[in-house]
Amino acid sequence: MHYEVSLRLWQRLERSRSSLRARFLMLSFVLFSTHVAQIWLFALALALLGAHPLTGDLVGMASLDFLDYVYFSAITYTTLGYGDLVPTGPIRFITGTEALIGLMLITWSASIIFLEMQRHWSARRER
């Protein structure tokens, strides 16, 4: 998902005649939205797995609703990890994988932003 969005976004930025502010606003909004969508997809997977007793669960609250899974997914994806909810059982593998993927994709987004800024700096020097 991140690859497809990043590729199409980069292609659109290359063709864009918009102002620098508009380009960075689009770049930031699209990348942020992509990360949010990925967090919600992980939350959905965790909620579905949490409904099955053999896959483990999140411990730390008496009852969990879907937004608790979204919250846990967000703190895991960003590697923040408050520790108020703790995965138990096999579901821990998914949460560990989510942390690694989140770290990789956030740094990928930072690289894309850096490349766009570098392209802008190069264009300014050529003027």
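Residues numbered from 1 in each chain as written. Predicted model: local features only at pLDDT ≥ 70, side-chain atom pairs only at ≥ 80, totals over all residues. Heavy atoms only, no water.

A tally of helices and strands in the protein chain yields four helices and two strands. Compactness check: the protein chain gives a C-alpha radius of gyration of 18 Å against a globular reference of 14 Å for 127 residues, more than 25% above the reference. For the protein chain, the spread of C-alpha atoms along the three principal axes comes to 60 × 20 × 20 Å. For the protein chain, the share of sequence-separated contacts (at least 6 apart) that also reach a separation of at least 24 residues comes to 68%. With an accessible surface of roughly 8,200 Å², the protein chain has 67% of that area assigned to carbon and sulfur atoms. Side-chain charges of the protein chain comprise 11 positive and 9 negative groups, with the mean position of each set lying 19 Å from the other. (Helix = DSSP H or I, 4+ residues; strand = E, 2+ residues; numbered from the N terminus. Rg over C-alpha atoms; globule rule 2.2 N^0.38 Å. Contact = heavy atoms within 4.5 Å. Areas by Shrake-Rupley, 256 points an atom, 1.4 Å probe, with all protein chains shown as cover. Lys, Arg positive; Asp, Glu negative; His and termini not counted. Charge placed at Lys NZ, Arg CZ, Asp CG, Glu CD.)

On to the packing of helix α1 (residues 2-15) against helix α2 (residues 20-50). The geometry of a pair of packed helices is captured by two quantities: the angle between their axes and the separation between those axes. The contact between α1 and α2 brings their axes to 11 Å, and the two run at 170°. When the axis of α1 is compared with that of α2, the two are roughly antiparallel. Here α1 contributes H2, V5, S6, L9, R12 and L13 to the contact with α2, which in turn contributes R23, M26, L27, V30, L31, T34, H35 and Q38. Here the contact of α1 with α2 is composed, by residue class, of seven nonpolar, five polar and two charged. (Axes fitted to C-alpha atoms, helices over the stretch in contact; angles between N-to-C directions. Parallel < 35°, antiparallel > 145°, perpendicular 65-115°, else oblique. Nonpolar A, V, L, I, M, F, W, Y, C, P; charged D, E, K, R; others polar.)

The subject of this paragraph is the UniProt feature "domain: Potassium channel" (unreviewed entry) in the protein chain. UniProt annotation of "domain: Potassium channel" (unreviewed entry) refers to residues 53-114 when read in the numbering used here. Between the C-alpha atoms that bound residues 53-114 the distance is 44 Å, and the span itself is 58% helix and 10% strand. (UniProt positions renumbered as here; feature names shortened; annotations may be inferred.)

Further remarks concern the UniProt feature "transmembrane region" (unreviewed entry) in the protein chain. As annotated in UniProt, the feature "transmembrane region" (unreviewed entry) corresponds to residues 24-51 and 99-117 in the numbering used here. The straight-line gap between the two end C-alpha atoms of residues 24-51 is 40 Å; of that span, 96% is helix and 0% is strand. Regarding residues 99-117, the helix share stands at 100% and the strand share at 0%, and the terminal C-alpha atoms are separated by 27 Å.

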